[in-house]
Amino acid sequence: MASITKRGKYWAYRIVRVDSNGKRIDISKSGFRTKTEALSASKMVETDLLYGYDLESARTQFRRYFRKWYETTREPYITERTQVNYKATMDAVGKYYGDTSIGDITAADYQRIVADYGKTHAHETTRKFHHHMKACFDYAFRNGVIKKDPTYSAKVTGKQSEKKTKYLSESDMKKLMRHIFSTTTIENTVNYMLILANATGMRVGEILGLTFDAVDLEHRIIHVRQAYDYVITHRAKATKTESSVREIAIDKMTAKYLSDIVADRMELSKQSGRNSDGFIFVNRGTLKPISWAMVNKVLTRHCEQVGVPRITSHAFRHTHISYLLNNDIYEQYVSERVGHADTTMIRRVYGHVLDELKTKSDSKVIHLVDKQISSAGQ
């Protein structure tokens, strides 16, 4: 039973209980104009306690609740790169919410903050911010800390990023690759990386993570076992997903270029005693892995020199996948070759290509059936 007292001009209630774990719960609130208002409010709190709501946690500052939730449910299970994204959200939570308790945040408050965040961030960044917050509020809701999820039905906005060319047409890629082949020397590590990216659709991190023992030149097979973190740790790391560990068959020409750089970098590593990790795609002078920024800098220069749309290194992956699909290579094989767990990503990103292939297949099937029926009817 709550105790109702008057403090100066206003009324207050206080509820003291012991929970099932023997922990004392002391909840009080003042500022009510009448005794009836204080009593009514105390009964609502007592009902919430009866139904198992964690009202003590509801009074926790949201920035503290978010940090504890992150450290308990996220940090031990995510990569260092993903941790950086969560910590950016944590900083924003501190900025926007300050000392506000999680139980005091309304849907209107949340929508206003997401909208404000979106004014200075790209739509995709705002979407991630919302995704992190929503997961935390959902956890609080399911654990009885809050009665309603303020993120429910929230609208995510954000600045539209500059539209980038995701992949090149077949003719533009041929033009670009002719130029890359013609300008490749043993010193130009980036060119060798681009040649391999074009032939395999490998991620830049996977290429940088290749070691001498991961390449079977005799059978022209590449074993993708790890990647290289070129953003945070600058060390080898696990591949993006389990399905990214794979074997990739390569063509004779790519194998020839790969054998050249493998032989050169292996010899230099032996002579100098450096590059103990055995990375293939290292700078010839320093024997340290090439930076992602350098890869895109060289690629931009190549694009400008041959007059094709400017692309990033990741566009080689998109172009490789599109090229295979356009040449009737079945989806499952393409997914396995580029390290996707299944065809879901292929269908989501390359749906337009698959639609075109379906139309072509419909025409082929109709032609074949028509031919079969016509010959049977004669």
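For the structure, see preceding data.
Residues numbered from 1 in each chain as written. Predicted model: local features only at pLDDT ≥ 70, side-chain atom pairs only at ≥ 80, totals over all residues. Heavy atoms only, no water.

1. Digging into the overall build of the protein
Then, number 1: Each helix and strand in the protein was counted, giving 15 helices and 8 strands.
Then, number 2: Expressed as a percentage of its 378 residues, the buried residues of the protein come to 41%.
Then, number 3: Considering only intrachain contacts with a sequence separation of at least 6, the fraction spanning at least 24 residues in the protein is 59%. (Helix = DSSP H or I, 4+ residues; strand = E, 2+ residues; numbered from the N terminus. Buried < 20%, exposed > 50% of the residue type's maximum accessible area, 1.4 Å probe, protein only. Contact = heavy atoms within 4.5 Å.)

2. Some details on the sheet that holds strand 3 (residues 24-32)
Then, number 1: Strand order across the open sheet formed by 3 strands is 1-2-3, with antiparallel pairing between neighbours. The two strands at the open ends of the sheet, each matched to only one other strand, are strand 1 (3-7) and strand 3. On average, each strand axis in the sheet is inclined to that of its neighbour by 20°, with strand direction left out of account.
Then, number 2: Across 8 bridges, the pairing between strand 2 (residues 10-18) and strand 3 is antiparallel. Each residue of the ladder has a partner; that of Arg14, found in strand 3, is Ser28. (Pairing = 2+ DSSP bridges. Axes fitted to C-alpha atoms, helices over the stretch in contact; angles between N-to-C directions.)

3. Remarks on a positive patch on the surface
Then, number 1: Taken together, the side chains of Arg81, Lys128, Lys237 and Lys240 make up a positively charged region of the molecular surface.
Then, number 2: Structurally, Lys237 is set in strand 7 (residues 236-237).
Then, number 3: Residue Lys237 is classed as partly exposed on the basis of its relative accessible area of 35%. (Patch = residues over 30% accessible without salt bridge, like charges linked within 9 Å, V, L, I, M, F, W, Y side chains within 5 Å. Areas by Shrake-Rupley, 256 points an atom, 1.4 Å probe, with all protein chains shown as cover. Salt bridge = Lys/Arg side-chain N within 4 Å of Asp/Glu carboxyl O. Lys, Arg positive; Asp, Glu negative; His and termini not counted. Charge placed at Lys NZ, Arg CZ, Asp CG, Glu CD.)

4. Here's the deal with the pattern of salt bridges
Pairs may arise between side chains of opposite charge once their charged atoms sit close together.
Then, number 1: Tallied over the full model, the rule gives 13 salt bridges.
Then, number 2: In this structure, Arg33 and Glu37 form a salt bridge, with 3.4 Å as the shortest nitrogen-oxygen distance.
Then, number 3: Residue classification places Arg33 among the exposed positions, given a relative accessible area of 63%.
Then, number 4: On the basis of relative accessibility, which here comes to 30%, the residue Glu37 falls in the partly exposed class.
Then, number 5: For Asp260, the salt bridge identified is with Lys256, shortest N-O distance 2.9 Å. You can see Asp260 and its partner Lys256 sitting in helix 10 (residues 252-272), 4 residues apart, about one turn around the helix.
Then, number 6: Residue class for Asp260 comes out partly exposed when judged on its relative accessible area of 28%.
Then, number 7: Connected via shared salt-bridge partners are Arg203, Glu206 and Arg246.

5. Side note on the environment of Glu218
Then, number 1: As for its position among the elements, Glu218 is in the loop between strand 4 (215-216) and strand 5 (221-224).
Then, number 2: Its relative accessible area of 68% is what places Glu218 among the exposed residues.
Then, number 3: A sequence separation of 37 residues divides Glu218 from Ala255, and the C-alpha atoms of the two residues are 9.0 Å apart.

6. Considering unusual backbone geometry
Then, number 1: Phi angles above zero are rare outside glycine, and His234 is one such case at about 55°.
Then, number 2: Mapped onto the fold, His234 is located in the loop between strand 6 (227-228) and strand 7.
Then, number 3: With phi around 65°, Asp328 is a residue other than glycine that occupies positive phi space.
Then, number 4: Among the secondary structure elements, Asp328 is positioned in the loop between helix 12 (314-326) and helix 13 (331-338).
Then, number 5: For Asp328, a relative accessible area of 49% translates into the label partly exposed.

7. A closer look at the packing of aromatic side chains
Then, number 1: Evaluation of the coordinates by the stated rule reveals 14 aromatic pairs.
Then, number 2: When the centroid spacing of 5.3 Å and the interplanar angle of 50° are considered together, the rings of Phe66 and Trp69 count as tilted. A residue pair is termed a helical-turn pair when its members lie 3 or 4 positions apart in one helix, as Phe66 and Trp69 do in helix 3 (residues 62-73) at 3 residues.
Then, number 3: Of the aromatic side chains, those joined through ring pairs into one cluster are Phe62, Phe66, Trp69, Tyr70, Tyr86, Tyr97, Tyr110 and Phe137.
Then, number 4: For the cation-ring pair, Lys95 lies above Tyr96, with the distance from its terminal atom to the ring centre recorded as 5.1 Å. (Phe/Tyr/Trp six-rings, centres within 6.5 Å; stacked < 30°, edge-to-face > 60°. Lys NZ or Arg CZ within 6 Å of the ring centre and 35° of its normal.)

8. Looking at the pairing of strand 5
Then, number 1: Strand direction decides the pairing type here: strand 4 and strand 5, joined by 2 bridges, are antiparallel. Within strand 5, the residue paired with Val215 across the bridge is Ile222.
Then, number 2: The antiparallel hairpin formed by strand 4 and strand 5 contains 4 residues in its connecting segment, where Arg220 sits at a positive phi of about 55°.
Then, number 3: Note that strand 5 and strand 8 (residues 246-249) share 4 bridges and pair antiparallel. Paired with Ile221 across the bridge in strand 8 is Ala249.

9. Concerning the sheet that holds strand 5
Then, number 1: If you trace the 3 strands from one edge of the open sheet to the other, you get 4-5-8, paired in antiparallel fashion. At either margin of the open sheet sits one strand with a lone partner, and together these are strand 4 and strand 8.

10. With respect to a nonpolar patch on the surface
Then, number 1: Judged by side-chain polarity, Val84, Val231 and Ile232 come together as a nonpolar surface patch covering roughly 220 Å² of accessible area.
Then, number 2: Within the secondary structure layout, Val231 lies in the loop between strand 6 and strand 7.

11. Section: helix 11 (residues 292-306)
Then, number 1: Taking 1.5 Å of rise per residue, 15 residues should cover 21 Å, and helix 11 covers 22 Å from first to last C-alpha, within 8% of that figure.
Then, number 2: Along helix 11, the residues classified as buried are Val295, Asn296, Val298, Leu299, Thr300, His302, Cys303 and Val306.
Then, number 3: Where helix 11 is buried, its residues contact helix 7 (170-182), helix 8 (189-200) and helix 12.
Then, number 4: The first or second residue beyond helix 11 is Gly307, which carries a positive phi of 75°. (Expected span 1.5 Å × (residues − 1).)

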